[in-house]
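Remarks on the overall topology
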Amino acid sequence: MLQCIIVDRLAAVRQSQGTARGTVRHSAAAAKLGSVETLPLADEPDGRVLELFEGEARLWPAAFDASEANRLFQDLRGQIDWREEEILMFGRRVPVPRRVAWHGDPEATYTYSGTEHHPQPWTLVLERVRERVAGLAGLHFNAVLLNLYRDGRDGMGWHADDEPELGRNPVIASVSLGATRRFCLRHRRRKGLRLDVPLSHGSVLVMSGATQHNWVHALPKTAAPVGERINLTFRRVGLT
Ligand SMILES: O=C(O)CCC(=O)C(=O)O
Ligand SMILES: [Mn+2]
């Protein structure tokens, strides 16, 4: 079973009537802090809608079956040139707690964390994953950012994928492989409005609509023993 952990006074409740099956929506109904919503694991053809207040996201918990996801993990772990990266923080360059890679079409140059990234070419494996993700999201992606979280000491802080080259209301398709980690979403202005989604091996999460403008997201570090995780976020750079 898939569990969405609700960390808010407002509930994210399963819609029982009048909306598509599998929809999770923030409602004004009172709910206990930390209440847990359990959803059946089976994928809907159109994914599970996480109907965010002023945002949109869709989740396919098992878009890639276990054997396919295992193979992808092994191929990417071994084939990608995982790099250390530094960001500028208070005038000092500090290493980010993860390994990264940027692949895409030649023109998909992307600036984030104060650094311009020129893409590595697509590999066969990345092209295969891109094709699958394009089918789910109904969009063509021209670049992908890869993150390797080696253990619970690796993570990513609060941010939005809202760089100017991604355009207005960017669609971000995120593929997770390896250890399940908690992906947190928080509304920018209503800070109590939060949704935690465990992203498991073979899952695909597509964020769209105004999500990047109104919400931030993070992958918190954890003291729990966790194995390696690879995340791929497919993006549309300069395509409007
Ligand atoms: O690892 C994740 O699930 C999140 C990655 C992410 O937010 C990013 O690459 O911008
Ligand atoms: Mn992000």
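**Re the overall build of the chain**
What the chain contains, in helices and strands, is three helices and 19 strands. Going through the 240 residues of the chain one by one, you find that 36% of them count as buried. Excluding contacts between residues fewer than 6 apart, the proportion of contacts in the chain whose partners are at least 24 apart in sequence is 72%.

**Structural notes on the site of ligand 1**
All residues in the neighbourhood of ligand 1 are listed as Leu145, Asn147, Met156, Asp161, Ser174, Phe183, Leu199, His217, Leu219, Asn231 and Thr233. Where the shell around ligand 1 is concerned, the elements lending two or more residues are β12 (143–149), β18 (215–219) and β19 (229–235). Residue composition of the shell around ligand 1, grouped by class: five nonpolar, five polar and one charged.

**Thoughts on the nonpolar core**
In terms of nonpolar packing, the biggest core is built from 47 residues, with Val133, Val144, Leu146, Ala173, Val204, Leu205 and Val206 touching the most fellow members. In terms of residue count, β12 provides more of this core than any other element does, six residues in total. Here leucine 205 is in contact with Ala57, Leu59, Ser174, Val197 and Leu199, once residues within four sequence places are set aside.

**Observations concerning the pairing of strand β14 (residues 172–178)**
Of all seven residues that make up β14, seven are buried, and the element is covered over most of its length. The sheet contact formed by β14 and strand β17 (residues 203–208) spans five bridges and is antiparallel. Bridging across to β17, serine 174 finds its partner in leucine 205. Judged from the six bridges that link them, β14 and β19 form a sheet pairing that is antiparallel. Bridge assignment links alanine 173 to a residue of β19, and that residue is phenylalanine 234.

**Some details on the pairing of strand β15 (residues 181–187)**
Of the two faces of β15, the one lined by Arg181, Phe183, Leu185 and His187 is fully buried and the one lined by Arg182, Cys184 and Arg186 carries no buried residue. In this structure, β15 lies alongside strand β16 (residues 194–199), joined through six bridges in antiparallel fashion. If you follow arginine 186 over to β16, its bridge partner there is arginine 194. Between the antiparallel neighbours β15 and β16 lie six residues.

**Some words on the environment of proline 119**
Checked against the element boundaries, proline 119 lands in the loop between β11 (115–117) and α2 (124–137). Judged by the 20 C-beta atoms lying within 10 Å of it, proline 119 is buried. Setting aside its immediate chain neighbours within four residues, proline 119 contacts Trp102, His103, Gly104, Asp105, Pro106, Ala108 and Ala143.

**With respect to the confidence of the model for the chain**
One rule of thumb: low pLDDT means the predicted coordinates there are not for detailed reading. Looking at the chain, the pLDDT average stands at 86 and 82% of residues meet or exceed 70. Taken together, the stretch residues 7–23 has pLDDT below 50 and engages in 41 contacts with residues farther than four places along the chain or on a different chain. Note that pLDDT drops below 50 for residues 25–36; the model gives that stretch 26 contacts with residues more than four away or on any other chain.

**Remarks on α2**
Look at α2: 20 Å from first C-alpha to last across 14 residues, which is about the 20 Å you get at 1.5 Å a residue. For α2, every residue scored as buried is listed here: Leu126, Val129, Arg130, Val133 and Ala137. All buried residues of α2 fall inside an arc of 105 degrees around its axis, so they share one side. Away from its buried face by more than 90 degrees, α2 exposes Leu124, Glu127, Glu131 and Gly135. Where the residues of α2 are buried, they touch α1 (66–79), β9 (99–104), β12, β14, β17 and β19. Phi turns positive, to about 70 degrees, at glycine 138, one or two residues after α2.

Cut-offs and rules
- Residues numbered from 1 in each chain as written.
- Chains lettered and ligands numbered in written order.
- Predicted model: local features only at pLDDT ≥ 70, side-chain atom pairs only at ≥ 80, totals over all residues.
- Helix = DSSP H or I, 4+ residues; strand = E, 2+ residues; numbered from the N terminus.
- Buried ≥ 20, exposed ≤ 12 C-beta atoms within 10 Å, placed from the backbone.
- Contact = placed C-beta atoms within 7 Å.
- Near = placed C-beta within 6 Å.
- Nonpolar A, V, L, I, M, F, W, Y, C, P; charged D, E, K, R; others polar.
- Core = buried A, V, L, I, M, F, W, Y, C linked by C-beta atoms within 7 Å.
- Pairing = 2+ DSSP bridges.
- pLDDT = per-residue confidence, 0-100.
- Expected span 1.5 Å × (residues − 1).
- Arc of directions from axis to C-beta.

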